[in-house]
Amino acid sequence: ALRWSRLDLDEQTLRVDAQMSSKNKLVAPKTRRSRRTISIDNDTLSLLDRWWPEQTERQQAAGKLWDDEHDFVLTTRNGTAFDGSYLRDSLAGRCEHLGLDVYLPYELHHTAITVQLDQGAETWEVADWAGTSERMIELICRHRTSRVSRLAPRPLEAPARVPVSGPNGPDP
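Please read these numbers as outputs of a predicted model, since none were measured by experiment.

**A word on a nonpolar patch on the surface**
Here's step 1: On the surface, Leu 74, Phe 82, Tyr 86 and Leu 87 cluster together to form a nonpolar patch covering roughly 400 Å² of accessible area.
Here's step 2: Here Leu 87 falls in the partly exposed class, since its relative accessible area comes to 48%.

Have a look at this one:
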């Protein structure tokens, strides 16, 4: 539920205070730890800077059909939020088109977590970035990246480690 109003491009931060429910509704995050402010790396900032004018053009083209109630950054053609199945199906279609194994969004999220850990990030840092607990990182998310790595023409580069403002330190 990335929204323009939650981005501070000058400070290069994103405030996470909502998520999309399985019914495609904007809801509060499940846990206190999920509510956080994360830093935005320069590459992401550059993408957002380029996306803003393009989305503004789409909004103008859609006219009154545009739904700007939640000011989502990533939207359908009329400004509404993507439904989870759209993302899953779109990603699967792109993978198939490219002749790749099909990946689901949660697999990519888990892989991003694993790559950060493999690159030396502390478990508590990754947990803060992902909005989950250290325990969940250690029990569920730490899987091998071989399925993704074998498809890459070169070694995987770790996603930008995004420091969380006011680090919580390790879970008790």
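**Observations regarding the pattern of salt bridges**
When the charged atoms of two side chains lie near each other, side chains of opposite charge can form a pair.
Here's step 1: Counted under the stated rule, the structure contains 5 salt bridges.
Here's step 2: Across the salt bridge formed by Glu 54 and Arg 58, the nearest N and O atoms sit 3.3 Å from each other. Remark: Arg 58 and Glu 54 occur in helix α1 (residues 42-62); sequence separation between them is 4 residues, near one turn of the helix.
Here's step 3: Glu 54 sits in the partly exposed class, given a relative accessible area of 36%.
Here's step 4: Looking at Arg 58, the relative accessible area reads 37%, which means it is partly exposed.
Here's step 5: Members of the salt-bridge network, linked through shared partners, are Arg 3, Arg 6, Arg 15 and Asp 17.

Rules behind the numbers
Residues numbered from 1 in each chain as written. Predicted model: local features only at pLDDT ≥ 70, side-chain atom pairs only at ≥ 80, totals over all residues. Heavy atoms only, no water. Patch = residues over 30% accessible without salt bridge, like charges linked within 9 Å, V, L, I, M, F, W, Y side chains within 5 Å. Areas by Shrake-Rupley, 256 points an atom, 1.4 Å probe, with all protein chains shown as cover. Salt bridge = Lys/Arg side-chain N within 4 Å of Asp/Glu carboxyl O. Buried < 20%, exposed > 50% of the residue type's maximum accessible area, 1.4 Å probe, protein only. Helix = DSSP H or I, 4+ residues; strand = E, 2+ residues; numbered from the N terminus.

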